[in-house]
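Observations on the model geometry
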Amino acid sequence: MKYRTVVVSTAAALAATALLSGCGTDDGADEPAASGPASLTYWAWAPGLDKVADIWNKGPGKEAGITVTVKKQASGDDLVTKIITAAKAHKAPDLVQAEYQALPTLVSNDVLADISEEAGDARGEFADGIWQQATLGSDALYALPQDSGPLMFYYRQDLFEQYGLTVPTTWDEFAETARALKKKAPDKDLTTFSSNDSGLFAGLAQQAGAKWWTTGGDKWKVAIDDPATRKVADFWGGLVKEGAVDNQPMYTPAWNKALNTGKQVAWVSAVWAPGTLTTAAPETKGKWAMAPLPQWTAGENVTGSWGGSSTAVTNDSTNKKAAATFAKWLNTDPTALAALVKEGGIYPAATAAQTGGALAKAPDYFSNQPGFYTEAAKIAQGTAPAAWGPNVNVAYSAFKDNFAAAAKNKSDFGPALTAMQDATVADLKKQGFGVSE
């Protein structure tokens, strides 16, 4: 979920801030579509998007005279770097698949067009927190949400029953559950704190109300070391320090084994977790269940995000209206959304597609929980807004370096969070961005 930030000049940074404040530039955004048939190129990495585009080309696209060709790309850093390089040479494609946290970087580099006039009426199709990530909190619209990754709580139903554990609804209950399990089964852990998963930590901070990057005037404000994030860091640091949860990273052979053997009995993850569990813990199929993420305040329904991407139109496109028309179809039309789920295996950002249709049946791994996607849709509605900036990769790298040491040593996480804040601010200044203290 990381990407590389490309250095921009101070002038470009100020222009980007204006964009993020909703001022924008004309830059051809209001130009009419080119006359005659439109042939569009779409850079993307999600599997099966070429098959979804074929549905467009043979149906509504054929009627509108708009053909879309998908060109498969690498994701993350590679695509962001490639698209910015192409844009500087005025050779960017018409459309690009962009992770939400990459949008500020692409806007800062003047890659993306404001499509609010062409597609702004789609707002009601998405949860507010998801829509906000595509607008960057402004009046502009830089992309249409495609998929999302709301956070949830996964647990071994059989082991919770065996050890008399109750599914936690608050983080205080989560901590007590972790301690109770340790007393009953010292060789097991409720879960682990993973220092190699910056995106998960960002999502947990998001749930607590953190807004790591915001703009004011012509300056950025970084608030990674804010009360909300510190609350999250202190909570997990405390559990690691007392040994109530494990301190090992995820996505390793050892972690897979812990899940598969029941050494780890729960996992804080996103809606896409069934796919990971299918590979990591094949012997425990049908033994897991999903519940809402524990809350900081009892009775609330707030969750964070881990992952997700959007469909954006570039400033280089000579057919912006045609491109926006396709982007809107791709992410709101029932036929397109069903195809995205079937061919790409994504969890659609459009709320209408999160239940029924292609998601009427629970994942095979969770066949014991037939209402899986109905519950997931309710959770997704409470997705908190995220606030990304132009150097998320620097913050994520600092998280991994500093939290890895703290987790390994079982020391306080506070200094690691401060180091993450300081590294992010220093990098913004180095790039020439104005930063408010």
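Residues numbered from 1 in each chain as written. Predicted model: local features only at pLDDT ≥ 70, side-chain atom pairs only at ≥ 80, totals over all residues. Heavy atoms only, no water.

**Details of the overall build of the protein chain**
The number of helices and strands found in the protein chain is 18 helices and 9 strands. Computed over its C-alpha atoms, the radius of gyration of the protein chain comes to 22 Å, within 12% of the 22 Å expected for a compact globule of 437 residues. C-alpha extents for the protein chain along the principal axes are approximately 70 × 50 × 35 Å. For the protein chain, long-range pairs separated by at least 24 residues make up 77% of all intrachain contacts whose partners lie at least 6 apart in sequence. Averaging the positions of the 38 positive and the 46 negative side-chain charges in the protein chain gives two centres separated by 7 Å. (Helix = DSSP H or I, 4+ residues; strand = E, 2+ residues; numbered from the N terminus. Rg over C-alpha atoms; globule rule 2.2 N^0.38 Å. Contact = heavy atoms within 4.5 Å. Lys, Arg positive; Asp, Glu negative; His and termini not counted. Charge placed at Lys NZ, Arg CZ, Asp CG, Glu CD.)

**A word on the nonpolar core**
Ranked by internal contacts, the top residues of the largest apolar core, which has 149 residues, are Trp212, Trp213, Trp236 and Phe403. The dominant element in this core, judged by the number of residues it contributes, is helix α17 (residues 392–409), at 8 residues. For Phe403, the contacting residues outside a window of four places in its chain are Phe193, Ser195, Phe201, Ala233, Ala398, Phe413, Ala416, Leu417 and Met420. (Core = buried A, V, L, I, M, F, W, Y, C linked by side-chain atoms within 4.5 Å. Buried < 20%, exposed > 50% of the residue type's maximum accessible area, 1.4 Å probe, protein only.)

**A look at the pattern of salt bridges**
Considering all chains together, one arrives at 10 salt bridges under this definition. A salt bridge links Asp121 to Lys328; the nearest nitrogen and oxygen atoms lie 2.8 Å apart. Here Asp121, found in the loop between α6 (116–119) and α7 (128–135), pairs with Lys328, found in helix α14 (residues 320–332); they are 207 residues apart in sequence, far enough to count as distant. The exposure class assigned to Asp121 is exposed, which follows from its relative accessible area of 58%. Of the charged contacts in the structure, one is a salt bridge between Lys361 and Asp364, with a shortest N-O distance of 3.8 Å. Taking the relative accessible area as the measure of exposure, Asp364 reaches 48% and is therefore partly exposed. Linked through salt bridges whose partners overlap, the residues forming this network are Glu176, Arg179 and Glu242. (Salt bridge = Lys/Arg side-chain N within 4 Å of Asp/Glu carboxyl O.)

**Side note on the confidence of the model for the protein chain**
Counting all residues, the mean pLDDT for the protein chain is 91, and 92% of those residues have values of 70 or more. When the criterion is pLDDT under 50, residues 1–35 qualifies, and its contacts beyond four places in sequence or with other chains add up to 92 contacts. (pLDDT = per-residue confidence, 0-100.)

**Quick notes on the side chain of Gln354**
In this structure, Gln354 sits in the loop between α15 (334–344) and α16 (372–380). A polar atom in the side chain of Gln354 sits 3.5 Å from the side chain of Tyr347. Within the structure, Gln354 has its side chain in polar contact with the backbone oxygen of Pro348 (distance 3.0 Å). Every residue in contact with Gln354, bar those within four places of it in the chain, is listed here: Ser148, Tyr347, Pro348, Ala349, Leu359, Tyr373, Ala377 and Ala380. (Polar contact = N/O pair within 3.5 Å; in protein donor to acceptor, adjacent residues only side chain to side chain.)

**Quick notes on the pairing of strand β5 (residues 213–216)**
Each regular strand shows side chains that alternate between the opposite faces of the sheet. The sheet contact formed by β5 and strand β6 (residues 219–222) spans 4 bridges and is antiparallel. Residue pairing in the sheet places Thr215 in a bridge with Trp220 of β6. In sequence, β5 turns back onto β6 through a hairpin of 2 residues, with Gly217 there showing a positive phi of about 65 degrees. (Pairing = 2+ DSSP bridges.)

**Points about the packing of helix α10 (residues 198–207) against helix α11 (residues 227–242)**
Two numbers describe a pair of packed helices, the interaxial angle and the distance between the axes. Relative to each other, α10 and α11 sit at 120 degrees, their axes nearing to 8 Å. The angle between α10 and α11 places the two elements in the oblique class. Along this stretch, α10 crosses α11, giving a crossing that reads as right-handed. Taken together, the residues of α11 that come into contact with α10 (itself represented by Phe201, Leu204 and Ala205) are Thr229, Val232, Ala233 and Trp236. Here the residues of the contact of α10 with α11 are counted per class, giving 6 nonpolar, 1 polar and no charged. (Axes fitted to C-alpha atoms, helices over the stretch in contact; angles between N-to-C directions. Parallel < 35°, antiparallel > 145°, perpendicular 65-115°, else oblique. Left-handed = near helix turned anticlockwise from the far one by under 90°. Nonpolar A, V, L, I, M, F, W, Y, C, P; charged D, E, K, R; others polar.)

**Some details on the layout of surface pockets**
In this model, the largest pocket occupies a volume close to 720 Å³. Taken together, 35 residues form the lining of the largest pocket, with Trp272, Gly344, Gly345, Ile346 and Tyr347 sitting closest to its centre. Approximately 210 Å³ is the volume attributed to the second largest pocket. Around the second largest pocket sit 14 residues that line it, and Gln132, Leu136, Gly137, Trp213 and Ala387 are the ones nearest its centre. Mapped onto the lining of the second largest pocket, the elements with two or more residues apiece are α7 and β5. By residue number, the principal contributor to the lining of the second largest pocket is β5, which donates 3 residues. The residue inventory of the lining of the second largest pocket, partitioned by class, reads 8 nonpolar, 5 polar and 1 charged. (1 Å grid on protein atoms, 1.4 Å probe; cavity = no way out; pocket = protein on both sides within 12 Å on 5 of 7 lines; lining within 4 Å. Points joined across faces, edges and corners; volume = space filled by probe spheres on them.)

**Here's the deal with unusual backbone geometry**
In this structure, Leu136 is a non-glycine residue whose phi angle is positive, near 60 degrees. Along the chain, Leu136 turns up in the loop between α7 and β4 (144–156). Residue classification places Leu136 among the buried positions, given a relative accessible area of 17%. We note that Tyr251 has phi near 60 degrees; this positive angle belongs to a residue other than glycine. Take Tyr251: it is sitting in the loop between α11 and α12 (253–261).

**Quick word on the side chain of Asn247**
Looking at the secondary structure, you find Asn247 in the loop between α11 and α12. A polar contact is formed between the side chain of Asn247 and the side chain of Gln248, at a distance of 2.9 Å. One polar contact links the side chain of Asn247 to the main-chain carbonyl oxygen of Ala407, over a distance of 2.9 Å. Among residues more than four places away in sequence, those in contact with Asn247 are Thr192, Phe193, Val240, Ala407, Lys408 and Lys410.

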